[in-house]
Amino acid sequence: MVVGFIWYHPKVFGNAWMQAAGLTEAQLKGGNMLKIFALALLLAFLLATALPGIVIHQMGAYSLMGADEGNALPSYFAFVNDYKDAFRTFKHGTLHGILTGVFVALPILGTNALFERKSAKYILINSGYWIVSLGIMGAIICGWK
């Protein structure tokens, strides 16, 4: 939400985004902002729940044993002991978050924008926001132990 406040500010990309989206300030002020921000926050949390499987490599081993350590074989505990902190850095999480933005968010947003007859500027502004946001989310999720 903080990144969006900065990214879509009129002095950053806000005016260019409004023009590319075909929106006016009057149209934007006409919405129910409480509902919009509440739903945006909910959707951000949904997205954040999907990221650990992408940015934390150890999640694969965790899912293989059924997410219940009571069912785990001794080899699982040996693996976790050996690799529990491997690639668990903010830098590595940023990399995977950015890659998720480029290889997931950009194609989804770009496809929708193409059929909506939106410009490349529109695609780049919106995809850029998600690439940066996912990079930050990935950094926090992967680096925070």
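## Here we look at the packing of aromatic side chains
Taken as a whole, this structure holds 6 aromatic pairs when the rule is applied. A ring pair is formed by W7 and F13, whose centres lie 4.7 Å apart and whose planes are at 40 degrees; its orientation type is tilted. Take F13: its relative accessible area is 31%, and that puts it in the partly exposed class. Ring geometry for Y129 and W130: centres 4.8 Å apart, planes at 75 degrees, overall edge-to-face. Looking at W130, the relative accessible area reads 27%, which means it is partly exposed. By way of ring pairs, the aromatic residues Y8, W17, Y129 and W130 are connected into one cluster.

## Some remarks on a nonpolar patch on the surface
Together, M1, M33, I36, F37, L41 and F45 make up an exposed nonpolar region whose accessible area comes to about 590 Å². Turning to its location among the elements, F45 is positioned in helix 4 (residues 33-50). Given a relative accessible area of 56%, F45 falls into the exposed group.

## Regarding the nonpolar core
Ranked by size, the top nonpolar core spans 11 residues in total: V3, W7, W17, M18, A20, A21, A113, Y122, I123, I125 and Y129. When contributions to this core are tallied by element, the ones reaching two or more residues are helix 1 (2-7), helix 2 (10-21) and helix 9 (120-143).

## A closer look at the packing of helix 4 against helix 9
The N-to-C vectors of helix 4 and helix 9 enclose an angle of 55 degrees; their axes lie 10 Å apart at closest approach. The orientation of helix 4 with respect to helix 9, classified from their angle, is oblique. Here helix 4 and helix 9 pass one another in a crossing that is right-handed. Residue-level inspection shows A44, L47 and A48 of helix 4 in contact with helix 9, the latter providing W130, L134, M137 and I141. Residues belonging to the contact of helix 4 with helix 9 are distributed by class as follows: 7 nonpolar, no polar and no charged.

## Notes on the side chain of R88
By the element assignment, R88 lies in the loop between helix 7 (74-83) and helix 8 (90-115). Buried charge without a salt bridge: R88, with D85 as the nearest opposite-charge side chain at an N-O distance of 5.6 Å. A distance of 2.9 Å separates the side chain of R88 from the backbone oxygen of C142, its partner in a polar contact. When residues no more than four places from it in sequence are discounted, the contact partners of R88 are I56, Q58, I141, C142, G143, W144 and K145.

Definitions and cut-offs
Residues numbered from 1 in each chain as written. Predicted model: local features only at pLDDT ≥ 70, side-chain atom pairs only at ≥ 80, totals over all residues. Heavy atoms only, no water. Phe/Tyr/Trp six-rings, centres within 6.5 Å; stacked < 30°, edge-to-face > 60°. Buried < 20%, exposed > 50% of the residue type's maximum accessible area, 1.4 Å probe, protein only. Patch = residues over 30% accessible without salt bridge, like charges linked within 9 Å, V, L, I, M, F, W, Y side chains within 5 Å. Areas by Shrake-Rupley, 256 points an atom, 1.4 Å probe, with all protein chains shown as cover. Salt bridge = Lys/Arg side-chain N within 4 Å of Asp/Glu carboxyl O. Helix = DSSP H or I, 4+ residues; strand = E, 2+ residues; numbered from the N terminus. Core = buried A, V, L, I, M, F, W, Y, C linked by side-chain atoms within 4.5 Å. Axes fitted to C-alpha atoms, helices over the stretch in contact; angles between N-to-C directions. Parallel < 35°, antiparallel > 145°, perpendicular 65-115°, else oblique. Left-handed = near helix turned anticlockwise from the far one by under 90°. Contact = heavy atoms within 4.5 Å. Nonpolar A, V, L, I, M, F, W, Y, C, P; charged D, E, K, R; others polar. Lys, Arg positive; Asp, Glu negative; His and termini not counted. Polar contact = N/O pair within 3.5 Å; in protein donor to acceptor, adjacent residues only side chain to side chain.

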